[in-house]
Amino acid sequence: MPKLEIDGRQIEVRDGATVMDAANALGIAIPHFCYHKKLSIAANCRMCLVQVEKAPKPMPACATPVVEGMKVFTESEYARTAQKSVMEFLLINHPLDCPICDQGGECQLQDLAVGYGKSASRYREEKRVVFHKNIGPLVSMEEMSRCIHCTRCVRFGQEIAGVMELGMMGRGEHAEIVSFVGRSVDSELSGNMIDLCPVGALTSKPFRYGARTWELARRKSVSPHDSLGSNLIVQVMANKVMRVLPLENEELNECWLSDRDRFSYQGLNAADRLTQPMLKIDGKWREANWQEALAAVAKGLKNVRTQHGPETLGALAAPHSTLEELYLLGKLMRGIGSQNIDFRLRQMDFSADAKRTGAPWLGMKVADISRLDRVLVVGSFLRMDHPLVASRMRQAAKRGQQVNLIHATDDDLLMTVVNKAIVPPQALPDMLAQVVKAVAELKQKPVPAPLAGIGVGDAAKNIAASLNTGANTGVFLGNLAGQHPQAAQLQLLAQELAGLLGAGVGFFGEAANSVGGYLAQAVPGAGGLNAAAMLAAPRKAYVLLNTEPELDCNDPRAAIKAMHATEFVISLSAYKGYALEYANVMLPIAPFTETSGTFINAEGRMQSFNGVVRPLGDARPAWKVLRVLGNLLGIKGFDYDSSEQVRDEIARPDEVAAKLDNRLSGIALQIPPAAVAGLQRVADVPIYFSDAIVRRSAALQQTSAAALPRAWMHAALLDKLGLKAGQAVKVRQGDGEAVVNAARDDRLPLGCVRLAAGHPATRDLGPMAGDISVEPQ
Amino acid sequence: MLDYGPDAILMKGLDGSNWRLKDYEARGGYDALKKILRENIAPEAVIAEVKKSGLRGRGGAGFPAGLKWSFMPKQYAGAKYLVCNTDEGEPGTFKDRDIIRYNPHMLIEGMLIGAYATGAGVGYNYIHGEIWAEYELFERALDEAHAAGYLGKNILGTDFSFELHAFHGYGAYVCGEETGLLESVEGKKGQPRFKPPFPASYGLYGKPTTINNTETFAAVPWIINHGGDAFLALGRPNNGGTKIFSVSGHVNRPGNYEVRLGTPFAKLLEMAGGMRGGKRIKAVIPGGSSAPVIPGEIMMQTDLDFDCVAKAGSMLGSGAVIVMDETTCMVRALERLSYFYFEESCGQCTPCREGTGWMYRVVHRIEHGKGRQEDLDLLSNVADNIAGRTICALGDAAAGPVKSFVKHFREEFQYHIDHKRCMVNVPGGYFTVSNPSAGRAA
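Bear in mind the structure is a predicted one, so any value in this text is a computation, not a measurement.

Each value, and the rule that gives it
- Residues numbered from 1 in each chain as written.
- Chains lettered and ligands numbered in written order.
- Predicted model: local features only at pLDDT ≥ 70, side-chain atom pairs only at ≥ 80, totals over all residues.
- Heavy atoms only, no water.
- Helix = DSSP H or I, 4+ residues; strand = E, 2+ residues; numbered from the N terminus.
- Rg over C-alpha atoms; globule rule 2.2 N^0.38 Å.
- Buried < 20%, exposed > 50% of the residue type's maximum accessible area, 1.4 Å probe, protein only.
- Contact = heavy atoms within 4.5 Å.
- Areas by Shrake-Rupley, 256 points an atom, 1.4 Å probe, with all protein chains shown as cover.
- Lys, Arg positive; Asp, Glu negative; His and termini not counted.
- Charge placed at Lys NZ, Arg CZ, Asp CG, Glu CD.
- Patch = residues over 30% accessible without salt bridge, like charges linked within 9 Å, V, L, I, M, F, W, Y side chains within 5 Å.
- Salt bridge = Lys/Arg side-chain N within 4 Å of Asp/Glu carboxyl O.
- Polar contact = N/O pair within 3.5 Å; in protein donor to acceptor, adjacent residues only side chain to side chain.
- pLDDT = per-residue confidence, 0-100.
- Buried area = accessible area lost by both parts, 1.4 Å probe.
- Nonpolar A, V, L, I, M, F, W, Y, C, P; charged D, E, K, R; others polar.
- Pairing = 2+ DSSP bridges.
- Axes fitted to C-alpha atoms, helices over the stretch in contact; angles between N-to-C directions.
- Expected span 1.5 Å × (residues − 1).
- 1 Å grid on protein atoms, 1.4 Å probe; cavity = no way out; pocket = protein on both sides within 12 Å on 5 of 7 lines; lining within 4 Å.
- Points joined across faces, edges and corners; volume = space filled by probe spheres on them.
- Phe/Tyr/Trp six-rings, centres within 6.5 Å; stacked < 30°, edge-to-face > 60°.
- Lys NZ or Arg CZ within 6 Å of the ring centre and 35° of its normal.

Novice: Could you give an account of the overall build of chain B, with specific residues and numbers?
Specialist: In terms of regular secondary structure, chain B is built from 18 helices and eleven strands. Since a compact globule built from 442 residues should have a radius of gyration of about 22 Å, the 22 Å found for chain B is in line with a globular shape. Each of the three principal axes of chain B carries a C-alpha extent, and together these read 75 × 45 × 35 Å. With 442 residues in all, chain B has 62% of them scored as buried. Excluding contacts between residues fewer than 6 apart, the proportion of contacts in chain B whose partners are at least 24 apart in sequence is 69%. Counting only carbon and sulfur atoms, one obtains 53% of the accessible surface of chain B, whose full area is about 15,800 Å². Across chain B, the mean location of the 48 positive side-chain charges is 3 Å away from that of the 50 negative side-chain charges.

This is the structure:
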């Protein structure tokens, strides 16, 4: 613990700390560009040069380790001269285009130039010109002459995103940041490079020339997409969301955002945004006022209830809805006598319902993941489903965390995965059971009776050996596990395994309110139907909240059939979408930026937010719509003045923890056979098709991750079926079919076809798991 | 017979073809290694002998070799590396090439002793990317040494093992910087690392590593054979032994000369046949292009050792002596030098990346008759702002010539600015003829 003195102030720092660390601890600002607390030290910008007593030359604060008794001067004449000379060098080739630069007003170079630059340049030679590049729809490299070569973007790729998509090519003045042979930058975290870039070299393409930064209001919000609940700063001008930036929260998103969180805002003002209540009368849509529309809804629901009984009413809600919306929808349905409500639209296996002791959750804090030394991930498209959790594990893996994976696909996680078991989807329970058995044998504990007959393979033994040596282990079930036909069995096995290991166990969770939906009781009550059952046995009326069933449901074909077969569909949505085809009433509700609300993330953190802009057109916050509807239907207890009042009725933040529990009781372990006849479907939900907002973000839809779904198969399977990669094929599930291109992925297990769900191209197909056939078109 | 001068000890008895193992052994080669292994001399004792010899790094910095070896952690469990820097890119320097093409086994033996002393198990010789024949020859020498049991496992039947590889470089000047070289060996872009940590604690692949220049290693067998004291006695206190000087420029017999440290420059000039055409000596760069230039009359009074040259205002560097006669335009000479550093800056850190181009452009303008009155102060100031503020010494190397040329030959630069043409006007000289519109003479 060396002590040092900076600018006359003393401080003691940890061993190995740098002068920059010490200065930060003292609150002394040392100018810098290349230094970033989350990245490795490069010491290349030289802006942080300081005077160190007895040193023969100025030292970079970021790279100089503190030595006992060191005396540092950050503002002495000597230090200032060095800093100013570096600033002069940085500026000589920097274009003087601040007036048209998007970074203007939030530019580190501009800010520091005020303090360290001269009013006029001594450099009167020609300035360097660096050719622009195109690296995709998100990050603009249009003005690379602005680059100061700090390599933050390069280090971000190498260290945080896990893939070096940008590098510095060339020497000296010819050095420039380029992507590898002109490829696009496809990382799901690429937008962070924009934040990291201290100048206007990397800027946001969707935001480009949209506004000057000082015209923007900064408002806090919470991401409505994945279950992390990333904290956002939403920047607003003239009642329009112009840009989204991370709000630093070390316990959740740190200082990062996934591209989905960052660029989805484009979808908020999509062309098919619903801004006026609409009624379908005699097969034709017409705009209505709220009074008419709500009256029509109340009348419609009452009619169906009277004619067919309340049990013929059903409600489907997206898990991206707010806590208050989900709660009021459930309360409304119960108020009119129906227990048919569900928000778990992509779930297949509901056998755990009524067997739970609490809401399924992550089983630990998000930040705890960083401290685990052993991890088992079961059935997760980790990078695409939970980009920042993946990043957190990537950092932990570098520090020695052993990551093990049981999954049906072998996408590159861009981190060291010590053991992998890639098996067909139906074999996931068997593989997990093998690991349970192997661990039980290692621990010399009794093997659960139903696992007695299971043979343990090498893959399971290796995973067990890794897990068995951990002191702090986590077992996580991903989206594929949660959507699996035997999800409850997987959960039981994970619970069993965690018990043997003394490990934490939980679900990563699919969406912003995957935990909140349970607390809001947006699940079927006694005798009620779950999401799958409501579609399998079509209801006479549906209330849809924030959802496009043909894309959000596990079995889109069943959803479409049900919607078309029913008498009365009410769509509460921010978008028209496919509801135009089958709904009777469309009520324009506010997306998360236009309403107050709450998300409860995977770790059970209750995060409430306010609307950042006024609702577009005649759209209204859904909680208000549901409140009025409750009143119109004569249901008691719908007199809320604020969304906070609704939230407090559900749970206070400190009451959430007690309601979380992953344990199941009263379900027996029954491991299905690993081998089945016929091809099985593996379905991921592509990262930019996860919900209605992100599906409408123009920029995200241009990324390579948003490419048309293809039927991915192992080469041997392609051969067996007489298919070639690239050829159009007809894919069938039951009576549903779709035409897509075949593609080859030899990392897939034999016997399965990977075909994305949640995409319009596959909405005529059946469930996300189960039998599938492929034939030449 | 190759003649490196009467004092030569390293390059003695070479004729250009007697580089093979049998020739080297006939000259007493590998005796030093055998002596160490036979007498079981402790590594510490080897280091002590090298320290005693006053052997200073021959690559340019002149750091005491024995001291550098002693920085290697002794009780280190993992791999340790020994690296030889034959990335001889310094303009004016061509001595290491001679060592590996005429006496490669002396280097191999020197590295073996270095490995023994520092506990390194694997070594690399990073050979300049622009010399291919020498690289191939060195590979053949390695094969010979392997076959004879001097390299590999259990050398000469002892417990000592050392594997040595030749590594053909990629041609960038900056790869001659020791940490840039390490990056390059690792297969990365040759960019220097910031220090600390130094290679002795975090070197090649993050392991403790000693890096020395070719000539430094080559001197080690002689030191072991004859004792550190004898080596030291060849030179002067703190400046032990002989040194190979690469003499180039306006002399009658440019080439490599091995002389004792402390030999007067005038003597070396005489060995090189004196000034070409009997012209007057104008200036000398005594230690490779990075060393500050010294006016001829001062240089003629200076002895060639690290301390004397430093006292004269320059540095001995790699021992590349560039001699310029009165026909040389110093503006044009500096233009060429500053262009070199502008081209060779790795671009990693700001002062060097930006400053080298700035300096070159200003000198280029002055040379081409577009100089401004404020340019000379500007040049010195820009050079000051680069020196000492960069990650590696390339920044200092780029600043040194600019500062010294302007300091010692300011009137020539001023003349260029004032008259838009050259002060020097000797037929056949290295200068600009008259005004730039008339075109170039040379």
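Novice: Describe a nonpolar patch on the surface, with residues and values.
Specialist: Residue and element names in this part refer to chain B. Residues Phe63, Leu67 and Phe71 make up a contiguous nonpolar surface patch of roughly 260 Å² in combined accessible area. Relative to the helices and strands, Phe63 resides in the loop between helix H3 (43-53) and helix H4 (65-70). Judged by its relative accessible area of 36%, Phe63 falls in the partly exposed class.

Novice: So, the pattern of salt bridges: which residues are in play, and what are the values?
Specialist: Throughout the structure, instances matching the rule amount to 77 salt bridges over all chains. A salt bridge links Asp353 of chain A to Arg344 of chain A, with the shortest nitrogen-to-oxygen separation between them at 2.7 Å. For Lys95 of chain B, the salt bridge identified is with Asp96 of chain B, shortest N-O distance 2.7 Å. This pair shows no difference in class: Lys95 of chain B is buried, exactly as Asp96 of chain B is. Taken together, the shared-partner salt bridges in this structure form one network comprising Asp272, Arg346, Glu510, Glu548, Asp552, Arg695 and Arg696 of chain A.

Novice: Lay out the side chain of Ser223 of chain A with the relevant residues and their values.
Specialist: Along the chain, Ser223 of chain A turns up in the loop between strand E11 (217-222) and strand E12 (231-237). Engagement of the side chain of Ser223 of chain A in a polar contact is seen with the backbone nitrogen of His225 of chain A, the distance being 3.2 Å.

Novice: Just give me the short version of the confidence of the model for chain B, but keep the residues and values in it.
Specialist: All names here are of chain B. In this model, chain B carries a mean pLDDT of 93, and residues with pLDDT of at least 70 account for 96%. Low confidence marks residues 433-442, where pLDDT is under 50. Its contacts with residues over four positions away, or in another chain, come to 20 contacts. Confidence estimates for the predicted assembly give a pTM of 0.94 and an ipTM of 0.93.

Novice: Requested: an account of the interface of chain A and chain B, with residues and values cited.
Specialist: Contact with chain A, which involves 36 residues of that partner, is made by 34 residues of chain B. At the boundary of chain A with chain B, total buried surface from both sides reaches about 3,000 Å², with 52% on carbon and sulfur atoms. Its largest share of buried area at the contact with chain B, chain A owes to Phe89, Arg122 and Arg171 of chain A, together 24% of the area lost on that side. Summed over the shared surface of chain A and chain B, the number is five salt bridges. Between Arg361 of chain B and Glu173 of chain A there is a salt bridge, with the nearest N and O atoms lying 2.7 Å from each other. Summed over the shared surface of chain A and chain B, the number is 21 residue pairs in polar contact (both at pLDDT 80 or more). Elements represented by at least two residues in the side of chain A that touches chain B include exactly helix H2 (77-92) and strand E8 (166-169) of chain A. Sorting elements by how many residues they give to the side of chain A that touches chain B places H2 of chain A first, with eight residues. Tallied by class, residues from the side of chain A that touches chain B come to 18 nonpolar, eight polar and ten charged.

Novice: So what's going on with the sheet that holds strand E3 (residues 49-52) of chain A? Residues and values would help.
Specialist: Residue and element names in this part refer to chain A. The mixed open sheet is built from five strands, whose spatial order is E2-E1-E5-E3-E4. Every other strand in the sheet has two partners, leaving strand E2 (9-12) and strand E4 (59-60) as the edge strands with one partner each. Where strand E1 (residues 3-6) and E2 come together, four bridges link them in antiparallel fashion. Looking at the pairing, Lys3 lines up with Glu12 of E2. Strand contacts of H2: E3 and strand E5 (70-73), with the helix running at about 160° to E3, the strand carrying the most contacts.

Novice: Could you give an account of helix H12 (residues 428-443) of chain A, with specific residues and numbers?
Specialist: Residues and elements named next belong to chain A. A rise of 1.5 Å per residue sets the reference length of H12, with its 16 residues, at 22 Å; its end C-alpha atoms lie 22 Å apart and thus fit the reference within 8%. Within H12, 13 of the 16 residues are buried, which leaves the element mostly enclosed by the surrounding structure. Count one or two residues on from H12 and you reach Gln444, which has phi positive near 55°.

Novice: Outline the sheet that holds strand E2 (residues 122-127) of chain B, listing residues and values.
Specialist: All names here are of chain B. Strand order in the open sheet formed by four strands is E3-E2-E1-E4, and the pairing between neighbours is parallel. Every other strand in the sheet has two partners, leaving strand E3 (163-168) and strand E4 (209-213) as the edge strands with one partner each. Neighbouring strand axes in the sheet, compared pairwise and without regard to direction, differ in orientation by 20° on average. Of the pairings in the sheet, the one linking E2 to E3 comprises six bridges and is parallel in character.

Novice: Account for empty space enclosed by the protein, with residues named and values stated.
Specialist: All names here are of chain A. Taken as a whole, this structure holds twelve cavities of 30 Å³ or more when the rule is applied. By volume, the largest cavity amounts to about 370 Å³. What lines the largest cavity is a set of 31 residues, among which Gln347, Gly482, Phe507, Glu510 and Ser514 lie closest to the centre. Elements represented by at least two residues in the lining of the largest cavity include exactly helix H14 (479-482) and helix H15 (487-501). Here the lining of the largest cavity gets three residues from one element, more than from any other, and that element is H15. Considered class by class, the residues forming the lining of the largest cavity number 16 nonpolar, ten polar and five charged. In this structure, the second largest cavity spans a volume of roughly 200 Å³. Lining the second largest cavity we find 19 residues, and of these His320, Asn546, Pro591, Phe592 and Ile693 sit closest to its centre. For the lining of the second largest cavity, the class distribution of residues is ten nonpolar, six polar and three charged.

Novice: Residue-level account of the packing of aromatic side chains, with values.
Specialist: Applying the stated rule across the entire model yields 24 aromatic pairs over all chains. Between Phe476 of chain A and Phe508 of chain A, the aromatic rings sit 4.9 Å apart at their centres with planes inclined by 20°, giving stacked as the arrangement. Of this pair, Phe476 of chain A sits in strand E21 (residues 473-477) while Phe508 of chain A sits in the loop between strand E22 (504-507) and helix H16 (516-519), and the two are 32 residues apart along the sequence. Relative to Tyr360 of chain B, the ring of Phe342 of chain B lies with its centre 5.4 Å away and its plane at 5°, an arrangement referred to as stacked. Linking Phe342 of chain B in helix H14 (residues 330-344) with Tyr360 of chain B in helix H15 (residues 350-367), this pair joins segments that are 18 residues apart in sequence. In this structure, Phe342 of chain B and Tyr360 of chain B share a single accessibility class: buried. Following the ring pairs from residue to residue traces out a cluster consisting of Phe89 and Tyr123 of chain A together with Trp358 of chain B. Sitting above the plane of the Tyr575 of chain A ring, Arg696 of chain A keeps its charged end 4.0 Å from the centroid. Above the face of the Phe245 of chain B ring, Lys243 of chain B is positioned so that its terminal group lies 5.7 Å from the ring centre.

Novice: Can you tell me about the pairing of strand E5 (residues 242-249) of chain B, naming the residues and giving the values?
Specialist: All names here are of chain B. Burial within E5 is extensive, with seven of its eight residues counted as buried. As paired strands, E5 and strand E6 (residues 255-260) are joined by six bridges and run antiparallel to one another. Residue pairing across strands places Phe245 opposite Tyr257, the latter belonging to E6. Taking the residues that link successive antiparallel strands as the turn, the E5-E6 hairpin has five residues. Bridge count between E5 and strand E11 (residues 320-325): four bridges; the pairing is parallel. Among the inter-strand pairings, Gly249 is bridged to a residue of E11, identified as Val323.

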